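Given next are the chains, with one letter for each unit.
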Amino acid sequence: MSKLAAFGGPPAVPRDRRHVEWPLVEDEDRKAVIDALDGARLVSNSDGENPVSTLEEQWAGRFGFGHCVAVSTGTAALSLALAALGVGPGDEVIVPALSFIATGLAPVHQMAVPVFADVDPVTFNLDPDDVERRITGRTAAIIPVHLHGAPADMDRITAIARRHGLAVIEDAAQAPGATHRGRPVGGIGDAGAFSLQATKNIPTCGEGGLLVTGNAELAESVRRGRQFGEVIESGRERDYVSYGLGWNHKMNALQAAFTSAQLTRFDDYESARQRNVAAFLARLAELPGLRVPTAAPDTTHAWHILRFRFDPAAFGLDGVRPQALRSALRRLLRAEGVPMSQYQLMPLPDQKVFVDRVGFGGGYPWTVTGATGPAAGEDHPVARAVIADSLTLQKRHLHPESGELLHLYADAFEKVWANPDMVATLAGAAS
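The numbers attached to residues start from 1 for each chain and follow its sequence in the written order. In keeping with the predicted nature of the model, local features appear solely for residues at pLDDT of at least 70, side-chain atom pairs appear and are counted solely at 80 or more, and the whole-chain, interface and lining totals rest on all residues. Heavy atoms throughout the structure, all of them, feed into the side-chain values; hydrogens and water do not.

UniProt positions are given in the numbering used here, feature names are shortened, and annotations may be inferred rather than shown by experiment. Residues annotated in UniProt with the feature "binding site: pyridoxal 5'-phosphate" (unreviewed entry) correspond here to Gly74, Thr75, Gln174, Ser195 and Asn248. Taken along the chain, the residues just named run across 175 residues; in space they spread out, the farthest C-alpha pair reaching 23.6 Å. Numbered from the N terminus, helices here are DSSP runs of H or I no shorter than four residues, and strands are runs of E no shorter than two. Mapped onto the elements of the fold, Gly74 is located in helix H3 (residues 74–84). Here, two residues are considered to be in contact whenever any of their heavy atoms come within 4.5 Å of each other. Non-local contacts of Gly74, meaning those with residues more than four positions away in its chain, are made with Ala193, Phe194, Ser195, Gly208 and Gly209. Take Ser195: it is sitting in strand S8 (residues 191–195). Not counting residues within four places of it along the chain, the set of residues in contact with Ser195 comprises Gly74, Ala173, Lys200, Ile202, Gly208 and Gly209. Side-chain polar atoms of Ser195 contact the backbone nitrogen of Gln197, separated by 3.2 Å. N or O atoms within 3.5 Å of each other form a polar contact, as long as, within protein, one can give a hydrogen and the other can take it, and as long as residues adjacent in sequence are counted only when both atoms are side-chain atoms.

Along the chain, the position of Asn125 falls in the loop between strand S3 (113–117) and helix H5 (128–133). In this structure the side chain of Asn125 is engaged in a polar contact, spanning 2.7 Å, whose partner is the backbone oxygen of Ala150. Setting aside residues up to four positions removed in sequence, Asn125 forms contacts with Asp118, Val119, Asp120, Val145, His146, Leu147, Ala150, Pro151 and Ala152.

So, on to the packing of aromatic side chains. Working definition: rings of Phe, Tyr and Trp (its six-membered ring) pair if their centres are within 6.5 Å, and the pair is stacked with planes under 30 degrees apart, edge-to-face with planes over 60 apart, and tilted otherwise. On inspection of all chains with the given rule, the structure shows 13 aromatic pairs. Judged by centre distance (5.9 Å) and plane angle (65°), the rings of Phe63 and Phe266 are edge-to-face. Of this pair, Phe63 sits in helix H2 (residues 51–63) while Phe266 sits in helix H8 (residues 253–284), and the two are 203 residues apart along the sequence. Neither residue differs from the other here; Phe63 and Phe266 are each classed as buried. These aromatic residues form a ring-pair network of at least three members: Phe280, Phe308, Phe310, Phe315, Phe413 and Trp417. Burial status follows relative accessibility: with a 1.4 Å probe on protein chains alone, a residue under 20% of its type maximum counts as buried, one over 50% as exposed, and anything between as partly exposed.

Strands were regarded as paired on the criterion that DSSP finds at least two bridges between them. Strand order in this open sheet of three strands is S10-S12-S13, and the pairing throughout is antiparallel. Edge positions in the sheet fall to strand S10 (290–291) and strand S13 (390–394), since each has one partner strand and no second. As defined by bridge partners, S10 adjoins strand S12 (residues 305–310) across two bridges and the pair is classed as antiparallel. Bridged to Arg291 within S12 is Arg309.

We now examine the sheet that holds S3. The strand order S1-S9-S8-S5-S4-S2-S3 describes an open sheet built from seven strands, whose pairing is mixed. The sheet is open, and its two edges are formed by strand S1 (67–71) and S3, each paired on a single side. This sheet shows a mean twist of 25° between the axes of neighbouring strands, independent of strand direction. Across three bridges, strand S5 (residues 167–171) lies against S8 in parallel orientation. The residue of S8 that forms the bridge with Ile169 is Ala191. Axis geometry follows a simple rule: fit a line to the C-alpha atoms, using only the stretch in contact for helices, then measure angles between N-to-C directions, giving values from 0 to 180 degrees.

A pair is scored as a salt bridge if a Lys or Arg side-chain nitrogen falls within 4 Å of a carboxyl oxygen belonging to Asp or Glu. Applying the stated criterion across every chain yields a total of 24 salt bridges. Residue Asp27 is joined to Arg30 by a salt bridge in which the shortest nitrogen-to-oxygen separation is 3.4 Å. One end of the pair, Asp27, and the other, Arg30, are both in helix H1 (residues 27–39), three residues apart, so they sit about a helical turn from each other. Looking at Asp27, the relative accessible area reads 58%, which means it is exposed. With a shortest N-O distance of 2.8 Å, Asp350 and Arg384 are connected by a salt bridge. In this pair, Asp350 is assigned in the loop between helix H10 (322–335) and helix H11 (352–355) and Arg384 in helix H13 (residues 381–389), connecting sequence segments 34 residues apart. Overlapping salt bridges, with partners in common, bring together Glu56, Glu220, Arg223 and Arg226 in one network.

This is the structure:
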């Protein structure tokens with residue numbers, strides 16, 4: 001039996017094999033950025049075709065969306081979608097209790113109140129039953145998140161929304177290429193938001209986002225919103241008139257050009273990622289007490305993040321707290337060279353920004369709806385359990401040539417699992 005690296009043994013993943021580049025910056029990416037820099041059309045409101053409009057057309061064409069609007073970030077895409085759909089003061093928006101902070105902040109940016117619903121224990125996405133329980137007369141919209149690249153249950157969520165007359169805005173920040181019953185996520189609800197931040201499956205050279213929709217009027221409203229409320233049309237002289245509330249949420253040409261180049265390689269990258277991740281998870285699925293992420297039936301998982309749940313009882317550690325086992329496994333796996341992390345430290349309703357409810361001052365927007373008092377500790381048992389008993393693996397598996405590295409990661413997991421007594425000792429000490 002190999003000695004664990006945490007106690008002086010050789011690591012399963014050699015140190016010279018641990019660094020993984022993402023995003024991959026190839027010659028065609030550099031050329032695309034230089035060409036955009038030389039093209040003198042550096043902003044989205046330049047007249048005629050420009051790198052931003054080209055990216056919008058390419059993204060819509062590749063994934064089958066009716067309209068695509070490039071913006072500064074994925075968060076901006078969510079906020080602009082809410083604004084275009086008329087969500088504002090006095091409204092409530094249902095969001096998952098487990099997500100990145102932007103999902104909960106976007107409604108607040110519109111002076112609407114985020115209402116947190118619990119999540120499914122397998123997909124980590126919105127639990128439709130809990131969504132329905134939290135609908136009130138003030139509910140205006142639902143934001144399902146395709147967390148980690150796993151499609152949410154869009155059939156049930158859209159059915160609930162139709163019954164109650166609610167808008168559906170998909171947070172697909174982590175899920176380009178994911179599908180639900182053959183339909184691309186982002187294009188199933190009224191609108192969808194993607195992030196192009198440099199860590200994403202399809203990145204830009206920094207920050208960026210995209211809003212997609214099948215509604216032409218909604219798309220035009222978002223275009224106005226990203227440009228100070230102005231109407232920008234090819235061949236029409238800019239009049240600098242704001243026809244409604246707007247922001248400066250534009251994407252620049254260099255970001256767009258970089259993403260367009262990345263998009264041309266996405267299919268090859270995605271095919272390799274699906275093969276690599278499937279082989280990796282198949283090995284880990286054999287380990288007792290370890291629940292690996294899975295794709296739900298009739299869906300395509302984009303595998304942006306891999307979240308693993310640990311079951312102390314199935315591991316043979318009855319009475320040990322999940323947090324203790326998670327802590328022990330994190331220490332041992334990281335020592336072997338597997339960069340496991342928690343990623344989310346608390347459910348969204350426990351974030352200080354929502355607990356303190358300072359918002360825009362005076363407790364707004366919560367005081368508009370009468371939603372007073374602290375939010376911390378609200379009942380979201382599944383989200384809390386997932387955070388307590390799971391760790392994540394990020395970014396390293398996105399590289400199309402990561403198959404060999406994932407093989408070493410699987411070796412590391414198997415090595416740790418072959419030393420249950422050491423795991424038990426560490427977990428017991430942490431309990």
